[in-house]
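# Breakdown of the fold
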Amino acid sequence: MTLLSVVLPVYKVQGYLRQCLDSLLEQPFTDIEIVAVDDCSPDHSGAILAEYAARDSRVKVVTAPENVGLGRARNLGLDHATGDYVWFLDSDDWLAQGALTAIADRLADTGPDVLIFGFDRVHWDGRVVVAGAAKVLAEAPETFTVAEWPRVLNVLHVAWNKVVRRDLLVKLDFRFEQGWYEDVSFTYPVLAAAQRISGLPRTCVHYRQRRTGAITRTLGDRHFEIFDHWEHAFTMVDAFSAQPEVLRPALYKRMLWHYLSVLRNAERVRRGSRRRFFERIVEHARKYRPAAGYEIPDGPEGLPYRLVEKEAFLPFRIAEGAARKAKRVRRFKRVSIRRARKLARKVREAVYSGYYKLQLRRPVDDKLALYAAYWYRGVSCNPAAIAAKAAELAPDVRNVWVVGRSRLKSVPPGTDYVVAGSREYYRLLARARWLVNNVNWPNWVVKRPGTTHVMTHHGTPLKMMGMDQADHPAAAKDQDFRAQMGRADRWDFSITANAHTTVAWERAYPCRYETLEVGYPRNDRLALATPAETVAMREKLGIAPGERVVLYTPTHREWLPPGQQVLDIDAFADRLGPDTVLLVRAHYFHVTAAQRTGARRGRILDVSAYPVVEDLYLAADVLITDYSSAMFDFAVLDRPVVIFAPDWPAYRELRGTYFDLMELPPGAVATTFAELVEVFRSGAYEDATAGERRARFRERFCSLDDGGAAERVVRRVLLAGTGK
């Protein structure tokens, strides 16, 4: 029998339906059926369902005889479901990567009647807000009943954030009610009847906040249907719960919260209907008030509840008006504070700008080299390797780093640094003889006569950069190419690791600089690495001897929603087996606060915020990447590389690439999750074919990485003409 039936009511969602279906069918966990109910949708949704059903047997299409509405469409889908569990998913939302695997694992571990999971809200303007449900569920017991842990009632009462044992629904002879807010009369009775509830504290659903079409932003009297659903919910809870008197206080409080939330939303209840809506709230407050009372929130938050208890609409309206006014005042204050801070920042910048211009009139400091990396994120990459070699070969030169205030803790002991934005920062920028960076300095920095700007770059390019992005605007975050070229015009030297990069940069940055095709300084350490260093790095990361170490480094995709992954990390770690540690390093654009902790979870160790990526390369037995420049650096170690490229055609079309990675990969290639698993199961990642591919790749891209790149840069840039 199928584990999970996903019931998918479909009505006027042609713009979102494919994303929803793809997010279900492309998950590594496959023991599902999709019961899609075409509720006589007048758009192309029916044709889309037919297309998917024709190519995937897991999609079953049920057509309603007439438009029956969301509740009845769900009932129709439930009648055709055969899985052990049922999930009533909305067809304009979509699943997070790995959601099905995580849900299936949690079901197997806890055997619940109901499993509730987290979600985020994806707004139409691109904002993503993680809901508090996951945090609440993280504090729940492993399994519980509502009576044992009533806090579960505070999790959003929708059908799509939970899966329910189908036998439970059959036993209850459960049917969704008609009308708006039908989730209320589903959620609470089901939770009350469940003998085992479990929580999964992770985002499983991306809840789409549509710009138009949502009932939460539809003004009208249909919002009065909320009262019928809460009445039905109380009736069913009384019937199904073994301890209804225990649930009453929490359920009653949640009911009032829901009513007040709707009433206070100006986009829902009409102005002329507000008194009538309040009177219905009072009516239900009288009817369902628990004999033992309930806990009214403290302070201003509890005022609306107290006014409902007193049946005082006029004071309620006055209080709500005052609350709205206070909210506007707070918003005004916040805006005023932001404006004041912005003005202060502009004043400070103007003062420092004047100070910078004064410093430009002072002599260049012939013994000062200023370094920076990754927009002042710390001491790393090619500039760090050059600075270390300069300290050895040119000890009379003072090496100073520019570091952002939030990254000061990452600065190695003994490093001379200046805080970005400080007065000293402006002084050194104006006076330094050498400016070495792996990205560009700010637009306002002046290229003084007698100074030398060194652009080290921070990777061998697969994806197109600079002027080459003009043909691929979907990937160009900075489309001011004139400004880009203005910054590149300041370069005196451009460092490249190979002829491929030299040619690419000549087209991408057509400016008057001298190319130093000498290898990448940051790779010197890899070229000279010893087995003892690998052992030391593994010990530092807490990896036991004998464990295989796989490093996964995905790149950034401009067109994907924030946080969306292309690889189900948990499912893949399970397939690798107990003797493997999976190091996961997110692209630095996407490192979250949680990832900065570097926590280990089972066989997965998050190293997204680990400061020195070369340590991770040395610790790893094999690298998995997609289109990241990490492949070029890791290949210096002559260790296996696996390319996981599930979206290569889209990436190549949208981002643009300098060569066909499928024609010249550094090792084994997988384009699906199943293929990736098989690459490791069969050992293809380290077989003779993979070795031959790696050899060709190294010949083209790594021949100059011999351990002497940094020295070559220092001798050409800092020591030229000194005879040293």
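For clarity, every value in this text was computed on a predicted model and none was experimentally measured.

With that settled, the discussion passes to the overall build of the chain. When helices and strands are counted, the chain shows 25 helices and 23 strands. When its C-alpha atoms are laid out on the principal axes, the chain stretches across 95 × 65 × 50 Å. For the chain, the residues scored as buried account for 54% of the 724 residues in total. For the chain, the share of sequence-separated contacts (at least 6 apart) that also reach a separation of at least 24 residues comes to 74%. When the accessible surface of the chain is split by element, carbon and sulfur atoms take 51% of a total near 32700 Å².

Right, let's talk about the environment of D633 for a bit. Looking at the element boundaries, D633 is found in helix 21 (residues 630–634). On a C-alpha basis, the gap between D633 and K60 in space is 47 Å, while along the polypeptide they are 573 residues apart. With residues up to four places along the chain from it excluded, the contact list for D633 reads Y520, R522, N523, L526 and Y617. Only 2.6 Å separates the side chain of D633 from the side chain of R522, close enough to count as a polar contact.

Between helix 13 (residues 381–393) and helix 25 (residues 709–717), the shortest axis-to-axis distance is 9 Å and the interhelical angle comes to 65°. Here helix 13 and helix 25 pass one another in a crossing that is right-handed. Contact residues: helix 13 offers A385, I386, K389, A390 and L393, while helix 25 offers A710, E711, V713, V714 and R715. Here the residues of the contact of helix 13 with helix 25 are counted per class, giving 7 nonpolar, no polar and 3 charged.

This paragraph deals with a positive patch on the surface. Taken together, the side chains of K327, R328, R330, R331, R334, R338 and R339 define a basic patch exposed on the protein surface. Within the secondary structure layout, R338 lies in helix 12 (residues 313–360).

Inspection of the entire model under this criterion finds 40 aromatic pairs. Geometrically, the ring pair formed by F176 and F186 is stacked, given 4.7 Å between the ring centres and 20° between the ring planes. With F176 in the loop between helix 6 (166–172) and helix 7 (184–193) and F186 in helix 7, the pair connects residues that are 10 residues apart, well separated along the chain. Judged by its relative accessible area of 0%, F186 is buried. One aromatic cluster in this structure is built from Y188, F224, F227, W230, F234, Y259, F277 and Y288. Here R276 stacks its cationic end above the ring of F224, 4.2 Å away from the centre of that ring. The residue whose ring lies beneath R700 is F659, and the NZ or CZ to ring-centre distance is 5.5 Å.

A few words now on the pattern of salt bridges. This structure, assessed with the given rule, holds 35 salt bridges. Taken together, the shared-partner salt bridges connect R74, D90, E182 and D183 into one network.

Turning to the nonpolar core, a few remarks are in order. If you look at the biggest cluster of nonpolar residues, it comprises 110 residues, and the most contacted ones within it are I34, W87 and L89. Sorting elements by how many residues they give to this core places helix 9 (residues 244–263) first, with 9 residues. Ignoring any residue separated from it by four or fewer positions in sequence, one finds I34 in contact with V6, L8, L21, L24, L25, R58, V59 and K60. Ranked by size, the runner-up nonpolar core spans 38 residues in total, among them L526, M631, F632 and V641.

Glancing now at the side chain of S494. Tracing the backbone through its elements, the reader meets S494 in strand 15 (residues 493–496). Engagement of the side chain of S494 in a polar contact is seen with the side chain of H457, the distance being 2.8 Å.

Bringing the sheet that holds strand 14 (residues 452–455) into the picture now. Across the sheet, which stays open at both edges, the 7 strands sit in the order 12-11-10-13-14-15-16 with parallel pairing between neighbours. Unpaired on one side and paired on the other, strand 12 (417–419) and strand 16 (514–517) mark the two borders of the sheet. Pairs of neighbouring strands in the sheet enclose a mean axial angle of 25°, with direction left out of account. Pairing between strand 15 and strand 16: 4 bridges, direction parallel. Following the sheet pairing, I495 is matched in strand 16 by L516. Together, strand 10 (365–372), strand 11 (398–403), strand 12 and strand 13 (432–437) form the strand contacts of helix 14 (residues 423–431), whose direction differs from that of strand 13 by roughly 105°. Where helix 16 (residues 499–508) meets the sheet, it contacts strand 15 and strand 16, and its direction lies at approximately 140° from that of strand 15.

On to helix 4 (residues 99–110). An α-helical turn contains 3.6 residues, so any two residues separated by three or four positions project in the same direction. Here helix 4 contains 12 residues, and its C-alpha end-to-end distance of 16 Å stays within 8% of the 16 Å for a straight helix at 1.5 Å per residue. Along helix 4, the positions that sit buried rather than exposed are A99, L100, T101, A102, I103, A104, R106, L107 and T110. Immediately downstream of helix 4, the backbone of G111 shows phi near 55°, a positive value.

With respect to the secondary-structure elements, A73 resides in helix 3 (residues 70–80). Among the residues examined, A73 registers a relative accessible area of 0% and is labelled buried. Separated by 64 residues in the primary sequence, A73 and P9 place their C-alpha atoms 5.7 Å from one another. Not counting the four nearest positions on each side in its chain, A73 is found in contact with P9, V37, D39 and V68.

Attention now moves to the state of the cysteines. A full pass over the atoms with the stated rule returns 0 disulfides. C381 carries a free sulfur, and the closest cysteine sulfur to it, the one in C702, is 15 Å from it. On the accessibility criterion, C381 (8% relative accessible area) is buried.

Taken together, the side chains of L343, V347 and V351 present a nonpolar region at the surface, about 280 Å² in accessible area. Inspection of the secondary structure assignment puts L343 in helix 12.

Rules used throughout
- The residue count restarts for each chain, going from 1 along the sequence in the order it is written.
- Whole-chain, interface and lining totals are the exception, using all residues; otherwise, since this is a predicted model, local features are given only for residues with pLDDT of at least 70 and side-chain atom pairs are given and counted only at 80 or more.
- Heavy atoms from the whole structure form the basis of all side-chain values; hydrogens and water molecules are not counted.
- Secondary structure follows DSSP: runs of H or I at least 4 residues long count as helices, runs of E at least 2 residues long count as strands, and numbering of each begins at the N terminus.
- When accessible area is computed with a 1.4 Å probe and restricted to protein chains, residues below 20% of their type maximum are described as buried, those above 50% as exposed, and intermediate ones as partly exposed.
- For this analysis, residues touch if any pair of their heavy atoms sits within 4.5 Å.
- For the accessible areas, the method is Shrake-Rupley and the probe is 1.4 Å, while residue cover comes only from the protein chains on display.
- Polar contact criterion, stated in full: a pair of N or O atoms within 3.5 Å, where within protein one must be able to donate a hydrogen and the other to accept it, and residues adjacent in sequence count only if both atoms are side-chain atoms.
- What counts as an axis is a line fitted to C-alpha atoms, over the stretch in contact for a helix, and the angles between N-to-C directions run from 0 to 180 degrees.
- By definition, any crossing whose near helix is turned counterclockwise from its far helix by less than a right angle is left-handed, and any crossing with a clockwise turn is right-handed.
- Residue type decides the class: Asp, Glu, Lys and Arg count as charged, Ala, Val, Leu, Ile, Met, Phe, Trp, Tyr, Cys and Pro as nonpolar, and the leftover types, Gly among them, as polar.
- Each patch groups residues whose relative accessible area exceeds 30% and which form no salt bridge, using 9 Å between like charges and 5 Å between nonpolar side chains of Val, Leu, Ile, Met, Phe, Trp and Tyr.
- For this analysis, a salt bridge means a side-chain nitrogen from Lys or Arg found within 4 Å of a carboxyl oxygen belonging to Asp or Glu.
- Counting rule for charge: Lys and Arg are taken as positive, Asp and Glu as negative, and neither His nor the chain ends is counted.
- Each charge is placed at NZ for Lys, CZ for Arg, CG for Asp and CD for Glu.
- Working definition: a ring pair exists when centres of Phe, Tyr or Trp rings (six-membered ring for Trp) sit within 6.5 Å. Plane angles under 30 degrees give stacked, over 60 give edge-to-face, the rest tilted.
- Over a ring means this: the NZ of a Lys or the CZ of an Arg is within 6 Å of the ring centre and within 35 degrees of the ring normal.
- We call a set of buried Ala, Val, Leu, Ile, Met, Phe, Trp, Tyr and Cys residues a nonpolar core when their side-chain atoms join them within 4.5 Å.
- Between any two strands, pairing holds if DSSP finds at least two bridges.
- How far a helix is expected to stretch is found by multiplying one less than its residue total by 1.5 Å.
- We call a pair of cysteine sulfur atoms a disulfide whenever their separation is within 2.5 Å.

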